[in-house]
Amino acid sequence: MSKSLMYPVSSSYGMSWFSYDINKYTNLKTVAIPMAIFALSLLIVGMTWASTGLPVKPGIDFKGGTAVTLSTTDNEDAIRAYFAGFPLEPITKDVSSRLYLLKFTAMSADQNQQLVEKINARYPDANVDYIDSTFGATLQGQALIALLFSFIGMALVVFIAFRTFVPSFAVVSCAFIDMVGTAAGMTLVGIPLTLPTTAALLMLIGYSVDSDILLTMRVLKRQGKLEDKLAGAFHTGIIMTSTTLAAVLSIWVVSALGQIEILRDMAAVLLIGLLLDIMNTWITNASILKWYVEGKVS
Amino acid sequence: MAKPRKQKEAEKKERETGKRPEPVRKEGLRELLKDWQVLLLVILVACSLIAIYPHFENGKLTTANQFGLDLQGGSWLQMSFDSVVAGFTSDRPIGNLTESLAKRLDAEVSLVGPEQLEIRKAVNRTDLGQAFAAEGATLTTYERGVSRSTGEDIKRILEQKINTLGTKDARVNLLTPVGTNIVRYVRVELAGVDINTAKSIVGRQGLFEIRIKTTENETAHVLYGNAITSVGNPQQDPTKMSWGVPFTLSEQGAADFRAAANRYGAVNDPKAHPVSMILDNVTVFSAPLDPTLAKELLTQDVQRLSASTGSGTTGMTQAQTLEIHLRAGALPVAVQVANFGQVSAPLGEYFKFMCLIAGLLAILTVGVVIYYRYREPSIVLPMMATNLSEVIILLGIARFIQQLDLASIAAIIAVVGTGIDQLVVITDEVLHEGRVPSPALYTKRLARALDIILVAAGTVVFAMLPLALMDLSTLRGFAIITILGVLVGVGITRPAYGKIIMYVLSK
């Protein structure tokens, strides 16, 4: 965490390292940055979609295949040699080089049975996770439906809570921009779409609107100067996102060091999403709100 | 939100006189505990601590929480069915239609609901539609899976197999999509067993034998389980009201059965020569031949038989058990493995440890960020305590409804993150410009903060709802824990924090 988060209780806004200059951030020129990123994200997601049929490259959960985690003193070459003849993808390992993560693409039932026997013969303490490709396709369909319904549910809550079109629409579109950006980020960093990362995306739908809701509530339902309200909302909102980032970052560090794939990928997705959300909330959403409120006043 | 009149008056007074009424007086700790929200929080934390019962066992910290296989070690097997549940319309009599469909499709077909048939074969929609059309019926719905009652049979059979091996800590779950009555998958979870063992347990067939009593102490072999070609669902005899399990013998089996009944005299004196069924050396059924059947066996082979178990609920349960025994461990429908896996106990233990580290680190870093912001232990400590109590209550509730796996632990850690967010909203809202407000203004601001929190919570709950309802394996736990965390936060801990922080600030 940088020093920029310092905001002693009694200080007035703007007296710290990192101040939120409303006029600087909420104008057309600045909004161009998140919009450019959004356009780029759309392009990346579109290309991935065209080639895989999904917004993010699917992992074993949706494609089918076998994932194996084993703790051994064997080196990578020895492991590779032992599993020669099986469709093994590149191996990843943890920092201590004791815990290896192996992935096999989908294979026939017989070959799969042989694989499991071979694993248990040499590495009885291995973790194995096999997903049949038909089952994977079913899961994939359901996951996409879950994402869609999740988003609709969130949008409904937002529209019911604010009951005015422009502010609600701003919150919902920021969440959408966050999601598309996160999907693109996953593709860039190489995180596949799996059940856990789908869950992380769903969680992001809920998380990313937190600060937007705070912002909108403060601006619409409080009295005072717009500038003060925006600054006040930022003052609170940025610390909210920082605490979440701190929690997620800790999970990411521990799970990346310890090779806990599920937690590592989930944390990484949330990190990407939350960082994008800071930009989209305080530039994109704030600009739309400012435009809306000023338009109403004049 | 409508403001209570009292509050409005206080605000008015504040504006008119230009000075604030006396700030909140220092209330005693006892006063604070009298507040029902704070009291509820304390009680729930205490109850949850009792429920999770943290204690040391063999020098290791353990709790009463149920852990998922990925943290405990064991294996799971999820299977889909070679079976279809189809809706149809037809003018033909049902019995007649099912029979001819069964013949045409060469599969067991049975009526499982009004205008709903279960076809125990993996037929695709087009083929099934054509078969229905050829038999003068129209296919209206098509779902892969089995009916609830067949699903329950499969569950019972699997549980039985697991029990005979004395494996503890086993779970058999039927996965049924919300809003349907069709079972899609069956999932077997066995703790402390590797996947090869689990597969052999699930696939194991018992040795089934039919014997007949010859003399006072002796019985003779009649046939083995391989002579039984099909076993039907338990049926109730409409006239005698007694329950029975129909089963069919192969031609050879029927001939053997008749030969034995004749050789040992069961056809003439059924009572003295009862027929018994034995599964893995345990007698599971024993009864004399029905007089009518005995007479028929004098002259011809009988392939279709029924084992009667008596009337009433006892008869019905016995029939259900007998059906399983007759199948000797074979499932009524063929299954396909959709997903299996194993987690070794040492790796599970390692994951558990790492989760604990990640959780502690998360709480710690969140604490550091909060301290960096407020620089005031009297704000930071209650915040962290509230956050911690959210986690404890969540673990307490989870103890009863949800096993903890990696995904649900991720959800708990996420609750730490969001929980603190909301406490920040409350604190900032209340502490506007760093001043401690009057009680009236305080209540107003707290309500405003809770408004924001409520909307934010609503979005998380609705975002997670699809996952909690759908059966996307482990993600259900993740969604349930997240939703619970939000509800506990909004309903209990956050309002209580509002009261606590007021007490702290007014000191």
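The rules behind each value
Residues numbered from 1 in each chain as written. Chains lettered and ligands numbered in written order. Predicted model: local features only at pLDDT ≥ 70, side-chain atom pairs only at ≥ 80, totals over all residues. Axes fitted to C-alpha atoms, helices over the stretch in contact; angles between N-to-C directions. Helix = DSSP H or I, 4+ residues; strand = E, 2+ residues; numbered from the N terminus. Parallel < 35°, antiparallel > 145°, perpendicular 65-115°, else oblique. Left-handed = near helix turned anticlockwise from the far one by under 90°. Contact = placed C-beta atoms within 7 Å. Domains from an automatic or database assignment. Nonpolar A, V, L, I, M, F, W, Y, C, P; charged D, E, K, R; others polar. Pairing = 2+ DSSP bridges.

With that settled, the discussion passes to the packing of helix α3 (residues 36–52) of chain B against helix α16 (residues 475–505) of chain B. All names here are of chain B. The N-to-C vectors of α3 and α16 enclose an angle of 125 degrees; their axes lie 8 Å apart at closest approach. Taken together, the axes of α3 and α16 are oblique relative to one another. Where α3 crosses over α16, the two elements pack in a sense that is left-handed. Contacts between α3 and α16 involve Gln-37, Val-38, Leu-40, Leu-41 and Leu-44 on the former and, on the latter, Ile-492, Thr-493, Pro-495, Ala-496, Lys-499 and Ile-500.

Next up on the list: the domain arrangement of chain A. For interface size, the figure often reported is the accessible area lost on association. All names here are of chain A. If you check the domain split of chain A, you get domain 1 (12–59 + 134–297) and domain 2 (65–131). Between domain 1 and domain 2, the C-alpha centre-to-centre distance is 37 Å. With six residues of domain 1 at the interface, the matching set in domain 2 holds five residues. Along the lines of polarity and charge, the residues of the side of domain 1 that touches domain 2 split into two nonpolar, three polar and one charged.

A separate point is the packing of helix α12 (residues 345–374) of chain B against helix α13 (residues 377–401) of chain B. Residues and elements named next belong to chain B. As a packed pair, α12 and α13 sit with axes 9 Å apart at the nearest point and diverge in direction by 150 degrees. Taken together, the axis directions place α12 and α13 in an arrangement best described as roughly antiparallel. As for the relative orientation of α12 and α13, their crossing is right-handed in sense. Across the interface between the two elements, Gly-367, Ile-370, Tyr-371 and Tyr-374 of α12 pack against Ile-379, Val-380, Met-383 and Met-384 of α13. A per-class count over the contact of α12 with α13 returns seven nonpolar, one polar and no charged.

Turning to the interface of chain B and chain A, a few remarks are in order. Of the residues lining the interface, 64 residues belong to chain B; the matching set on chain A comes to 66 residues. Those elements giving two or more residues to the side of chain B that touches chain A turn out to be α8 (195–203), β20 (335–343), α12, α14 (406–430), α15 (439–469) and α16 of chain B. Of the residues forming the side of chain B that touches chain A, the biggest block, 15 residues, is contributed by α12 of chain B. A per-class count over the side of chain B that touches chain A returns 42 nonpolar, 15 polar and seven charged. The pairing of strand β4 (residues 127–131) of chain A with β20 of chain B spans four bridges and is antiparallel. The residue of β20 of chain B that forms the bridge with Tyr-130 of chain A is Phe-340 of chain B.

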